[in-house]
Amino acid sequence: MTEAEIEETIEGFVQAARRCWESGFDGVEVWAAYHGIVDQFWTPWSNRRDDQWGGTLENRTRFSREIITRIRKLCGDDFIIGISVSDEPDFEVALQRESLAELIALHDRDQLIDYVSCGTGSYFDFYKLMPTFLYPERLATELSQTLKSAVSHALVTMESHVRTPENAEAVLSADQADLVSIVRGQIADPHLANKAKEGRPEDIRPCLSCNQMCWGRRYRDYWISCLVNPSTGREFEWGGDRFEKTAFPQKVLVVGGGPAGLEAARVAAEQGHKVTLTEASDRLGGQFRLAGMQPRRGQILDLLDWYARQLEQLGVEVRLNTFMEAAEISSFSADLILLATGSYPPDTGFQKAIPHKEQLPGIEDGGFFSAEDVMARRARLGKRVLILDEGGNWKGCGTALKMAEEGHQVVLITPDPLVGKELQRTAADYPLRQKLAQLGVRFILESAITRWTPQGAEILSFLDGSTSFVEADSLVFATPNLAEDTLARELENSGLKFLNIGDSAGPRQAPFVISEARRVALGI
Ligand code: SF4
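Note that the coordinates shown come from a computational prediction; the quantities given were computed from them, not determined experimentally.

Cut-offs used in this document
- Residues numbered from 1 in each chain as written.
- Predicted model: local features only at pLDDT ≥ 70, side-chain atom pairs only at ≥ 80, totals over all residues.
- Heavy atoms only, no water.
- Buried < 20%, exposed > 50% of the residue type's maximum accessible area, 1.4 Å probe, protein only.
- Helix = DSSP H or I, 4+ residues; strand = E, 2+ residues; numbered from the N terminus.
- Pairing = 2+ DSSP bridges.
- Core = buried A, V, L, I, M, F, W, Y, C linked by side-chain atoms within 4.5 Å.
- Contact = heavy atoms within 4.5 Å.
- Polar contact = N/O pair within 3.5 Å; in protein donor to acceptor, adjacent residues only side chain to side chain.

Undergrad: Quick one: what's the story with the pairing of strand β16 (residues 456-461), residue by residue and with numbers?
TA: β16 sits mainly inside the fold: five of its six residues count as buried. As paired strands, strand β15 (residues 447-453) and β16 are joined by six bridges and run antiparallel to one another. Bridge pairing in β16 links I449 to I459. Hairpin remark: β15 followed by β16, antiparallel, with two residues in the connecting loop.

Undergrad: Let's hear about the nonpolar core: which residues, and what values?
TA: In this structure, W42, I71, I83, V85, I104 and L147 are the most contacted members of the largest nonpolar core, which totals 43 residues. Sorting elements by how many residues they give to this core places helix α4 (residues 62-75) first, with five residues. Filtering out sequence-adjacent residues up to four positions away, I71 remains in contact with F13, V14, A17, V28, V30, G76, F79 and I81.

Undergrad: Outline the environment of K395, listing residues and values.
TA: Mapped onto the fold, K395 is located in helix α17 (residues 394-405). Classification of K395 by relative accessible area gives partly exposed; the value is 24%. The spacing of K395 and A427 is 32 residues in sequence and 16 Å in space, taken between C-alpha atoms. Beyond its immediate sequence surroundings of up to four residues, K395 is in contact with Q294, A371, E372, A478, T479 and N481. Among the polar contacts made by the side chain of K395, one reaches the main-chain carbonyl oxygen of T479 at a distance of 2.9 Å. Looking at K395, its side chain comes within polar contact range of the side chain of N481, at 2.9 Å.

Keep in mind these numbers describe shape, not what the thing actually does.
Right, here's the structure in full:
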């Protein structure tokens, strides 16, 4: 950068702060984390200058000190100025904790900053910026603790996978930080702080650390939403995750206790309707519960527990082990029936990538299972397992991870050019591939399975048309499901008022059926 460019950039920061101040904000946080431009000036690896902006600690911090000094002068002593830094211990070229402590101590000594915020990751390792459930919780603890001992004026804030009030309390009570920042937790439940304050943390809808609809949408330059809270981003349209009581309560029957049925029942009851939910199995959750049994995905089970508590509080009558026939539904005399009967995996071995094959040759010889069979422990798997993943998401990859962690030799085959293609936007794909590779999972890309035998599978490469044979004892398919819409078809000409929602209307991923269920229930 030339001197003129440095001056222009400093003024860019200062004028941004001025606009915030003039708009009524109480303060700003100067972005020095993640090896952004401020961090680039700080870090000797990226700052090779030999003028007043590089070399000594004083020189490398001149850029940040100049920004903050000018903001302070312009916006006054009452304006809060924080600075954000991040922990990146896995890349030696990044500033390590002791170096960051030295830098922050310098800013603190001159009382330039009111607080320092500790995150994790950087543009060297993007995946720790918004860590998914593959990472431990309270990820920035070591940095925040180090900085706590380096400052005497500034407060230390910890972020990065804090998520819950319990985590926040653990950090604060251990004196690992003065403040905590919870971002995704408050996207999942915008009333988190009030609920914690009112002593009812069990009512907080838990964030799943999935990144599917927050970062997953932002990554594609959309406004953010949330898997568990579809009102995020629709605050004006959907009342900010608040509900109004109806003047005309109706008798609503929800058939099916998967994510769509749970959300529809909850939202209908929140509005004052009299709701009964029936579920054929002995538990709520449907296939979402199976997903919650994948490694490190227990947060899904927490969400299902939250739904169960909410339904109880709202007076929803939940009938488990209750398989509803069309005649029983008819005699229930509901004003509205919501069918959320879910979906099921096909048993044909059909692959979208080779659509001319209606059925996989050899499938009748046995040893073939669905990902759902594996997660529900219905599959009797051999030692060597071949899994075909057509979705590029958690259904296939999470099942592969589970089988590999249980000691199976796993080969993952996909028509995609990389494993976990759909997880790229959630920043989960690379750490997941690392885990799979470390567990010895072998990847076969851009291929399909053309024949199954008791000895293994014939594989077709889309790239050069060649075929090969992979030895295996069991074959697992993670392919799109089929709608379980038997009831919907039976009720079609019954004259009953019903809506088919969730997977039984069209198999999809959880965020889309939860969002649809919220919209439908708000329309009752
Ligand atoms: S989309 Fe997932 S990670 Fe993001 S806030 Fe919602 S539950 Fe949390």
